[in-house]
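Examination of the molecular architecture
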Amino acid sequence: MTFGLFAEKPGRGHWARPLATLLAGILALGACAPSGAGSAATPAKPAAPTAVSASNGQAASGAPTGGAQAGGATAGSVPTLAPLSPSQTVKYAASQSVSSSGIFIGVEKGYYKEQGIDVEIVPFSSAAEMIQPIAASQVDVANADTGAGIFNALSRGLPLRFVADGNHTEPGHSSLAWVVRKDLSDGGVIRDLPDLRGKRISPIAKGSLVDSLAFRTIEKAGLQPTDLDIEYVTFPDVLPAFSNKALDAAILTEPLVTTSVEQGLGVRWRGMDDLFGTFQSTLIMYSPTMTTQRQDVGKRFMVGYLRALRDYQAAFNEGKDLDGIIDILTKYTTIKDPAVYKKIVVPAFSPNGEMNVQSIKDLQQWYVDHGFVQNPVALDEFFDTSYLDYGLGVVGRQ
């Protein structure tokens, strides 16, 4: 997964060598430091779409019927909404990553089609490439990380809104983890956090979420950054650096965490969930046009997204149709071996799409304190939960 890790990438080229088996499986959970400009758009309150009663099929204006009550849908029911007519195309900016599970599953299971939405998956190699197109409404939806770049772009008037959980870390679900070189772990050289003193570590890229997690780990260990040798080594170069004993520890993402263990190069030492609990990693963003002119489409999209997230959760948390969900993910993501999904630690998604706004505020403050963000923004104005509110009114809460 990438978390806006390319704000700065001073790589270690002399360590690099062919790593096709590693690179083919790198799992991007989010995006990289974006840039963008424009005037902020104020989202209009989405109107309730027409619903069709499950009992008689008659169109009804207002809140969805067919099992929906004041608090949402009844347990196990999904009210039938009249599909948009004519159907609407939603362009989704995608990396080949598990972070887009809610899109891939929803497309394959027809959840968006049922809403009258045709999802056009627009491939991007990184989220840095997504920011300008979504700011210009050339694409409608994207999944963005929380690197310093996104906050700097917002301060320049990036006209976007955050509408749902893109993925997050919670106990038992952290695709990011500290990996320690195996010989140092086996020899007892690195056991507890204070053992990082004097070691060469990699926070991957300056101004990234991973960078913040690395420095917060150092603080938790009771150390100062000057107590360690900090080298910014990119994801692909970390395992060769372990092999050459040029690096002692790094924060890695799945499937590189698992690959390092299977190749005997590293040991999964501390998951970010172990160290920091629950925090937001990426966010679903809507374009300006989506939030000002296509609110009904945005609401229908959220219905399909929530249904897909619940299939993901049921598969990876409860084992329901796990093989079927993995088949979908192998079709769309860079991880083509189904067995890998049962080894790696997959990211978490809220079944209700809820966002951890406070963790985003805390992260922006960390960037401010460390000089990566000069002009912090009032983040509350960029979060719009009206689409989630409507989607939950249709599918109910879990």
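Here is a short report on the structure shown in this document. Quick caveat: nothing in here was measured; it's all calculated off a predicted structure. (Residues numbered from 1 in each chain as written. Predicted model: local features only at pLDDT ≥ 70, side-chain atom pairs only at ≥ 80, totals over all residues. Heavy atoms only, no water.)

With that out of the way, let us pick up the overall build of the protein chain. The helix and strand tally for the protein chain stands at 16 helices and 14 strands. Among the 398 residues that make up the protein chain, the fraction classed as buried is 59%. In the protein chain, once contacts between residues fewer than 6 apart in sequence are set aside, the share between residues at least 24 apart is 83%. Of the accessible surface of the protein chain, which amounts to about 15000 Å², a share of 48% is contributed by carbon and sulfur atoms. (Helix = DSSP H or I, 4+ residues; strand = E, 2+ residues; numbered from the N terminus. Buried < 20%, exposed > 50% of the residue type's maximum accessible area, 1.4 Å probe, protein only. Contact = heavy atoms within 4.5 Å. Areas by Shrake-Rupley, 256 points an atom, 1.4 Å probe, with all protein chains shown as cover.)

So, about the sheet that holds strand S9 (residues 176-181). Strand pairing in a sheet takes place through backbone hydrogen bonds and is either antiparallel or parallel in direction. Spatial strand order, S11-S10-S12-S9-S13: 5 strands in an open sheet with mixed pairing. Only two strands of the sheet have a single partner each, and these edge strands are strand S11 (229-230) and strand S13 (266-271). As judged from the 5 bridges shared by S9 and strand S12 (residues 249-253), these two strands associate in the antiparallel manner. Note that in S12 the partner of Trp178 across the bridge is Ile251. (Pairing = 2+ DSSP bridges.)

You can see Gly207 is positioned in the loop between strand S10 (200-202) and helix H7 (209-220). Residue class for Gly207 comes out buried when judged on its relative accessible area of 2%. A C-alpha to C-alpha distance of 9.7 Å links Gly207 and Thr146, two positions 61 residues apart in sequence.

The description of two aromatic rings rests on the distance between their centres and on the angle between their planes. This model, assessed by the stated rule, comprises 12 aromatic pairs. Look at Tyr112 and Phe301: their rings are 4.8 Å apart centre to centre, the planes differ by 25 degrees, and that puts the pair in the stacked class. With Tyr112 in helix H3 (residues 111-114) and Phe301 in helix H12 (residues 295-318), this pair connects stretches of sequence that are 189 residues apart. With respect to burial, Tyr112 and Phe301 carry one shared label: buried. Ring geometry for Phe162 against Phe383: centres 5.3 Å apart, planes inclined by 50 degrees, an arrangement best described as tilted. In this pair, Phe162 is assigned in strand S8 (residues 161-169) and Phe383 in the loop between helix H15 (357-369) and helix H16 (386-395), connecting sequence segments 221 residues apart. The class of Phe162 is buried, set by a relative accessible area of 5%. (Phe/Tyr/Trp six-rings, centres within 6.5 Å; stacked < 30°, edge-to-face > 60°.)

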